[in-house]
Every structure is written in structure tokens, then in C-alpha cells.
Amino acid sequence: MSVTIKDLQAYKREGRRFAMLTAYDFTTARILDEAGIPVLLVGDSLGMTMLGYADTLPVTMEEMLHHTRAVRRGVQNALVVGDMPFMSYHASAKDAIRNAGHFLQAGANAVKLEGGGRVIELARRLVEMGVPVMAHLGLTPQSVNQFGGFKVQGRSDEAAKRIQKDALALQEAGAFSLVLEGVPADLGVAVTKSLAIPTIGIGAGVGTDAQVLVIQDMLGLSGEKVPKFVKRFADLRGEMARAVREFITEVEAGTFPDIEHSYIKASSPAPGELAASAGTRLPATADAERAVYGGSPS
Ligand code: KIV
């Protein structure tokens, strides 16, 4: 059954923790959805993971919508959240409303916006228009230049209080959940305890209601250097490299494709002759003969 924002709010009331992952393409979205992930974020982190930008700032609405449509096609149950990119909600409320609408038209169930301050009023306007809003505070990557780098936020009492205040204001404005990124664990606990909506932590300690990771990071697909909060649950980079090396070796040796992976007509010459005429090393064994003349590769 499809997950809704009401379900996430019920999870909070029930004290039920949940997971969120990023997804940017059809194939991955389908695998994650089938594995039971309740929330998928088409994050603007796709600028780095899929498009090779240095940060999220160059990401456009067009790029976000392209990936959101692909993810939507792969999902049956998960709640799909579209991440509003830099400058898609900064110039005016009109832009914010129009761009949020484009996300819903592309198949997102909700949008995510970074920041407090004047974003709070935008969040209120979007909710009034019927657009569910996921808020995002702490180390908000679109503000990387203002922060002077990807640095943990909310370390001082004053900064922590500002985050707590913004969190409450975003809840009051109607946000249905809040991503808390790159903050000390005790602030993660304090914000989570103060809110009736679920908090979704990334580098915010164990005390938030939910956790999110970038899919490339948790599958071990990203480079050597990952932030401290990333746990690699698999080594797909290593496994991909191994498979690719094996493919190269087999192609170069002429052992792929073999009989099992070839279309062969019943009237074809015996495998040994086929191999000889193609100049390959197709095995001319009795089993191969049977595969050609006895079996029926379709
Ligand atoms: O873009 C993104 O992937 C995000 C998550 C890290 C929360 O905003």
C-alpha cells in the first residue's frame, strides 16, 4: 500500500522509526521500493552523484524533473519527495509555487526545501496550495558558500537555538517532516523531542525519528572519501569493478559469448566449425553440440 504523509506522522506518534533513501533513476527506485523503503528522496545531491558537479548549486529544475519522472515510474509504494534545487524558490513566492507544482506534476508526492528564515513563509504558502513540504535544517548544502564549506552546524548555543526555533516555526507553517543534516547528536534529540512531526537525520545522531542516506554512499558506490556519518552497507563499487574486469577478460579471450549466450539455428554448422569460421574459441564439446542440435535456444 502506498505510503502517505499521514502514515509518517502516525509513525511519529507510535514511536516507529523509519528509513529514507535518495533515488535518481527508474532501476534503483524500483529495487528500493520493492525492498520496502517507505520514503524516496529525489535529492539535488544527484548533481554530484549522477551529474558529476562539485556541489548541488548548478542543478536545474529541468534536471530534477527529468530524474523525478524516472523515479516515479519505478515506484509503487514509497512516498516520493522532490528536492527543490537552488534558485527554484529563492527569487519569489511565485517561482516557488510554480516550481513546486512542476514537481507534483512530474510525480512527486511532496517537495523538500532547505532553510529556515524566509523559507518558513514559503513553506506556509506551499502547504496552503496543497503541496506537502518536507523541511531541511542544519548543514543545508545549498548554503555551502555561506557556511564556508560542508561544516557541522548548530555547535554553539546560539546556532542550536536558531535551528530549534526554525524547526518549530516550520512545523507551525505546516511542514510534515524535517530533515536535520550535519548537527550534533544532542541537538538532533532536542529538536526531535520538541516536534510532533518526524525528524529525518543525516549526520544528526541516533536520536532522530528517521534516517536518510544518499544511495551511492550507503551502497559503497561513491569515492574513497565520504563523510563520517556514512555507513557503507555494501561494496558495490568493488563488485562492479570486479564484474567489468571479468567481462573484459572473457571478451578478450573469446570465451564470451559462449553457446549458452548465443542464438544458433538448427541448420548452423557444428559449434567447432562456427567457432573456426568466426575465428573465436567457441567450445566444440559434446554438450555444446547438444545445445545446438538437441536444445532450442530461442
Ligand atoms: O539532496 C539530498 O540528497 C539531500 C539529502 C542528503 C537529505 O538533501
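Cut-offs and rules
- Residues numbered from 1 in each chain as written.
- Predicted model: local features only at pLDDT ≥ 70, side-chain atom pairs only at ≥ 80, totals over all residues.
- Pairing = 2+ DSSP bridges.
- Helix = DSSP H or I, 4+ residues; strand = E, 2+ residues; numbered from the N terminus.
- Axes fitted to C-alpha atoms, helices over the stretch in contact; angles between N-to-C directions.
- Contact = placed C-beta atoms within 7 Å.
- Expected span 1.5 Å × (residues − 1).
- Buried ≥ 20, exposed ≤ 12 C-beta atoms within 10 Å, placed from the backbone.
- Arc of directions from axis to C-beta.
- Parallel < 35°, antiparallel > 145°, perpendicular 65-115°, else oblique.
- Left-handed = near helix turned anticlockwise from the far one by under 90°.

Caption draft 1: Structural detail: the sheet that holds strand β4 (residues 110-114). Read around the closed barrel, eight strands run β1-β2-β3-β4-β5-β6-β7-β8, paired in parallel fashion. Looking at each pair of strands side by side, their axes are set apart by 25 degrees on average, direction ignored. Packed onto the sheet, helix α8 (residues 157-173) meets β5 (133-138) and β6 (177-181) and runs at close to 175 degrees relative to β5.

Caption draft 2: Broad picture of helix α5 (residues 93-105). Taking 1.5 Å of rise per residue, 13 residues should cover 18 Å, and α5 covers 18 Å from first to last C-alpha, within 8% of that figure. All of the buried residues along α5 are Ala96, Asn99, Ala100 and Phe103. Mapping the buried residues of α5 onto a view down its axis gives an arc of 105 degrees, with all of them on the same face. Exposed residues pointing more than 90 degrees away from the buried face of α5 are listed as Lys94 and Gln105. In this fold, the buried residues of α5 make contact with α4 (61-74), β3 (79-83), β4 and α6 (119-128). Where α5 ends, the next residue or the one after it, Gly107, has phi of about 110 degrees, a positive value.

Caption draft 3: Structural view of the environment of Tyr53. Turning to its location among the elements, Tyr53 is positioned in the loop between α3 (46-49) and α4. What makes Tyr53 partly exposed here is the crowd of 16 C-beta atoms within 10 Å. When neighbours within four sequence positions are excluded, Tyr53 is seen to be in contact with Gly47, Met48, Pro58 and Val59.

Caption draft 4: Geometry of unusual backbone geometry. Residue Pro257 follows Phe256 across a cis peptide bond; omega there is 0 degrees. Turning to its location among the elements, Pro257 is positioned in the loop between α11 (236-253) and α12 (271-278).

Caption draft 5: Seen up close, the packing of α5 against α6. In contact at an axis separation of 10 Å, α5 and α6 are set at 45 degrees when each is read in the N-to-C sense. Comparing the axis directions of α5 and α6 gives the class oblique. Seen along the crossing, α5 lies across α6 with a hand that is right-handed. Contacts between α5 and α6 involve Ala93, Ala96, Ile97 and Ala100 from the former and Leu122, Arg125 and Leu126 from the latter.

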